[in-house]
Amino acid sequence: MATHISLRRAEDFVVEEVLKESPGRAGDYGVYQATKRWLTTPELQQRLAQQLGVPPSALSFPALKDKAAVTTQHFSLRGASAGQLSGTGFSVRMVGRLPRPLTAGDLRGNRFTVTLRALKPGEATALGERLTALAQQGLPNYFDQQRFGSYTPGGVFIGKAILQGDAEAALRAYLAQPAPGDSPALLAFKPLASAHWRDWDRLFQNAPRSNHRSLLTFLRDHPEDFRKALNLITPRLLPLLLSAYQSFLWNRMASQYLQVRMAGSPAQVSFTNVAGEQLALYRGIPSALADELHRLSMPLPNHRASYTHAEMEAIALRVLEDEGLALDGLKARLLKRAYLSKGYRPVAVFPSETEWETHATESGEGSLLRLKFFLPPGSYGTLVLKALGTSGSEVEVGEQGPEELVDE
């Protein structure tokens, strides 16, 4: 049975970030817990910085969270307690202190509570049982669509142009290529930027207040210095643009590797579209293979990536060749302060702490299902929902879609 999963309200997708250890009572850095709704993490960071009178960089957020959800996450700030803070769409409370800023290494993972409404008879129970099965069998640990807010399928990956050493192509994609995370003002400006590329005076006069306008100010005086202009992109954004393309490559490599490993197995396969790529999802993975996947990781593509499996390496090299790249050439030489991440990512993820319960709705509009599960850092709750829905169904969230660049 295939199910099309639609989350109708932000409250239907609740994410709670969990620290490995509770902060103590002493230390130079205050640790805060923020709850937000319909805000990206960078938007929250900007609003808090304005309220506190500090630069956004003073607030250390270990991870980014969904916009189209109710999320609880942590950040640190050096100095005296900022007390309780609140504003439109957010509230903040202090939870302790540390001798250093929070980092991604402080995170144990994320706890999800998902509410599905108006399900047909039998669907609620079937979906709950599928969640229980996923805890045992796992699912591919792809980066999901939220990771690719800077990219429109059919366009140019800014990170790819950077790795190919084409500063102008990367800059043009940034200034003129529409992206899902763009504001309405940028979406209105970008067709003009595409049609009148290199007419810096005209573009400057029409650009909305943004980092784009700052780049155009520089290009008016240095019309051919694309490399330096590229390095003027907001510092926190450049690594995200690189990581989006790196994540796209990893997804493709992992999908192809899993298809090889699943060949001949009784697992059922469906596909989900992420950043224009059809990625394989599986149900009914045999226990022996699931146990093996539990221990298997794949390097993030970078010039020092090392593969312990010959088959995995062959697939990685083939994917890069198809993209016009080579492993030893995966260096962001155009950039001064941004690099491809190094490390490994588990090929599969296994939801834990799984619970589910069904309720009849008073309105009589079908059944309500509440799912609870826990994922390690960097894994996507939306992907779990896609695996539950199967048959290529996508996950729709609320009245508006996610606009965040990444979600971890």
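Everything quoted here is computed from the prediction, not taken from an experiment.

A.B. asks: So what exactly am I meant to see when it comes to the packing of aromatic side chains here?
C.D. replies: What characterises a pair of aromatic rings is the spacing of the ring centres plus the angle enclosed by the ring planes. All chains considered together, the criterion is met by 12 aromatic pairs. Between phenylalanine 148 and phenylalanine 157, the aromatic rings sit 6.4 Å apart at their centres with planes inclined by 75°, giving edge-to-face as the arrangement. Comparing phenylalanine 148 with phenylalanine 157, the two get one shared label, buried. On the basis of an interplanar angle of 5° and a centroid distance of 3.8 Å, the ring pair of tyrosine 151 and phenylalanine 157 is categorised as stacked. In textbook terms, an aromatic cluster arises when at least three aromatic residues are bridged by ring pairs, as seen for Phe148, Tyr151, Phe157, Tyr245 and Phe248.

A.B. asks: Looking at this model, I keep getting lost on the sheet that holds strand β15 (residues 367–375). Mind explaining?
C.D. replies: What links the strands of a sheet is backbone hydrogen bonding, and the strands pair in either a parallel or an antiparallel sense. Taken in spatial order, the eight strands line up as β5-β6-β3-β4-β2-β7-β15-β14 in an open sheet, and their pairing is mixed. The open sheet has two edge strands with one neighbour each: β5 (85–87) and β14 (352–360). Here the strands of the sheet are splayed against their neighbours by 20° on average, with no regard to which way each runs. Note: β14 against β15, seven bridges, orientation antiparallel. Residue pairing for β15: serine 352 is matched across the bridge by phenylalanine 374. Against the sheet, helix α2 (residues 123–137) touches β7 (107–119), β14 and β15, its axis set at about 175° to β14. Relative to the sheet, helix α12 (residues 381–389) contacts β2 (13–19), β7 and β15, its axis offset from that of β15 by approximately 130°.

A.B. asks: Looking at this structure, how should I read helix α9 (residues 238–262)?
C.D. replies: With 25 residues, α9 extends 36 Å from end C-alpha to end C-alpha; this agrees with the ideal 36 Å at 1.5 Å per step. Counted residue by residue, α9 has 20 buried out of 25 residues, so it is predominantly covered. Positive backbone phi, approximately 85°, marks glycine 264, located one or two places after α9.

Definitions and limits used
Sequence positions are assigned chain by chain, starting from 1 and proceeding in written order. Where local features are concerned, this predicted model is filtered to residues with pLDDT of at least 70; where side-chain atom pairs are given and counted, the filter is 80 or more; whole-chain, interface and lining totals use all residues. Side-chain numbers here rest on the full set of heavy atoms in the structure, without hydrogens or water. To pair, rings of Phe, Tyr and Trp, with the six-membered ring standing in for Trp, must have centres within 6.5 Å; the planes then decide the type, stacked if under 30 degrees apart, edge-to-face if over 60, and tilted in the middle. To sort residues, take the accessible area from a 1.4 Å probe on protein chains only and compare it with the maximum for the residue type: under 20% means buried, over 50% means exposed, and anything in between is partly exposed. At least two bridges found by DSSP between two strands are what make those strands a pair. Elements are defined by DSSP. Helices are runs of H or I of four residues or more, strands are runs of E of two residues or more, and each kind is numbered from the N terminus. The angle between two axes is taken between their N-to-C directions and runs from 0 to 180 degrees, where each axis is a line fitted to C-alpha atoms and a helix contributes only its stretch in contact. In this analysis, two residues are considered to be in contact whenever any of their non-hydrogen atoms come within 4.5 Å of each other. In a helix, the anticipated span is given by 1.5 Å times the number of residues less one.

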